[in-house]
Amino acid sequence: MTTIEGKAIAVRHERIDEAAAGQRIDNYLLRIAKGVPKSHVYRILRSGEVRVNGRRVQQTYRLQEGDEVRIPPIRIAEPTHAAPAPAGKPLPVVYEDEALLVIDKPSGKAVHGGSGVSYGVIEQLRVQRPELRMLELAHRLDRETSGLLIVAKKRSALTALHDMMREGSVEKRYLTLVPGRWSNPLQHVKVPLHKYLTAEGERRVRVADEGKAAHSIVRLVRRWRDYSLLEVELKTGRTHQIRVHLAHLGFALCGDDKYGDFALNKRLEVEGLRRMFLHAAKLRFAHPLTGAPLAFDSPLPADLQTFLDRLDAAEKKHG
């Protein structure tokens, strides 16, 4: 029998509820046994020490509501006692039903805690909605990016949404402003992207042949003398995909502090644009459980729209 700090940890029997239903057994074990090496989790699965309803299962087995899982003695991470996220202002909910909710995330708010951020949208939602047994992000947005974000309330919905995103059946469109005059009304960008860490430990992405396939569809929405408003549809969901694809083509996003033109960003800040111009404006997908079509639109936030209005005014002034 395994012990941790003098406490004996015996065989556990867990009954799967609706919140965990649909999750793969390996992911379920990794979630409840934080701190246990992945290699150990997969070893006890292969050896048959983990049983579902008394039977051995493959690591790809998806749990069903009512399943009884036998978990052998393993070391469980001690719970942390970090300060809970403050409830804060209610997050703007665009849509909600029993399976999911869609929020309109403000710029400047991380979607989850980590990397120097104590808490994010998901932690705040859990504090605001304690009656919900499960809340999990279906996808992510960068901290400075505003707009539509899907949060699952059921494991089955989360699993289905992840499958749909891998298949490319969730339509996600973003609005962004870039310096210069973009010429093509429609352009497909298919350039592989590779994630890496800087010497300071910061996450970055670059174009590289060894990277993962990435596909963006760029549409010209509007053009001024020195700027272009673009709509970018993501066919894949790689980290920083829009930012790196457009920077690679010589059109780094206005206000982007990682891949952008830093001198230009300083000028833009003086002119009223104090953050990256990137907004998740449209979502189109079939409901993960019912199949009903869902469509959501989020208008540009006031700070971004105000900056475009200033471009309009400047354009009229110069004829």
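Residues numbered from 1 in each chain as written. Predicted model: local features only at pLDDT ≥ 70, side-chain atom pairs only at ≥ 80, totals over all residues. Heavy atoms only, no water.

Chemist: Looking at this structure, I do not really get the packing of helix H1 (residues 25-32) against helix H2 (residues 38-46). What am I missing?
Modeler: Any two packed helices are characterised by the angle at which their axes cross and by the distance between the axes. With their axes 10 Å apart at the nearest point, H1 and H2 run at an angle of 130° to one another. Taken together, the axes of H1 and H2 lie oblique to each other. Our pair here, H1 against H2, has a crossing hand that is right-handed. Here H1 contributes Ile25, Asp26, Leu29 and Leu30 to the contact with H2, which in turn contributes Lys38, Val41, Tyr42 and Leu45. Broken down by class, the residue content of the contact of H1 with H2 amounts to 6 nonpolar, no polar and 2 charged. (Axes fitted to C-alpha atoms, helices over the stretch in contact; angles between N-to-C directions. Helix = DSSP H or I, 4+ residues; strand = E, 2+ residues; numbered from the N terminus. Parallel < 35°, antiparallel > 145°, perpendicular 65-115°, else oblique. Left-handed = near helix turned anticlockwise from the far one by under 90°. Contact = heavy atoms within 4.5 Å. Nonpolar A, V, L, I, M, F, W, Y, C, P; charged D, E, K, R; others polar.)

Chemist: Just to check I follow, could you spell out the side chain of Lys105 for this structure?
Modeler: By secondary structure assignment, the location of Lys105 is in strand E7 (residues 100-105). Here Lys105 occupies a buried position and makes no salt bridge, while the nearest side chain of opposite charge, Asp142, is found at 8.6 Å. At 2.8 Å, the side chain of Lys105 forms a polar contact with the backbone oxygen of Thr145. For Lys105, the residues in contact, after removing those within four places along its chain, are Val111, Val121, Leu141, Asp142, Arg143, Thr145, Ser146 and Gly147. (Buried < 20%, exposed > 50% of the residue type's maximum accessible area, 1.4 Å probe, protein only. Lys, Arg positive; Asp, Glu negative; His and termini not counted. Salt bridge = Lys/Arg side-chain N within 4 Å of Asp/Glu carboxyl O. Polar contact = N/O pair within 3.5 Å; in protein donor to acceptor, adjacent residues only side chain to side chain.)

Chemist: What exactly am I supposed to notice about the nonpolar core here?
Modeler: The tendency in soluble globular proteins is for nonpolar side chains to be buried side by side. Judged by nonpolar contacts, the single largest core of 28 residues is most densely connected at Leu125, Leu149, Val151, Tyr174, Val218, Ile242 and Leu246. For this core, the elements supplying multiple residues, two or more each, are E7, helix H3 (121-128), strand E9 (146-152), strand E10 (171-179), strand E15 (227-234), helix H5 (241-248) and strand E16 (278-286). In this structure Leu125 touches Leu91, Leu101, Leu135 and Val151, once residues within four positions along its chain are discounted. (Core = buried A, V, L, I, M, F, W, Y, C linked by side-chain atoms within 4.5 Å.)

Chemist: Is there a simple way to explain the sheet that holds strand E3 (residues 12-15) in this structure?
Modeler: In a beta sheet, neighbouring strands are held together by backbone hydrogen bonds and run either parallel or antiparallel to one another. Spatially, 3 strands are ordered E3-E5-E4 in an open sheet, and the strand pairing comes out antiparallel. Both outer strands of the open sheet, E3 and strand E4 (51-52), are each paired with one neighbouring strand and no more. Relative to strand E5 (residues 68-71), E3 runs antiparallel, the two being bridged by 4 bridges. Bridge pairing links His13 to Arg70 in E5. Against the sheet, H1 engages E3, E4 and E5, with an angle of about 60° to E5. (Pairing = 2+ DSSP bridges.)

Chemist: Honestly, the side chain of His139 in this entry has me stumped. Any pointers?
Modeler: Here His139 shows up in the loop between strand E8 (136-137) and E9. From its side chain, His139 meets the backbone nitrogen of Ile150 in a polar contact 3.0 Å long. Beyond its immediate chain neighbours, meaning those up to four positions away, His139 contacts Leu148, Leu149, Ile150, Met165 and Lys172.

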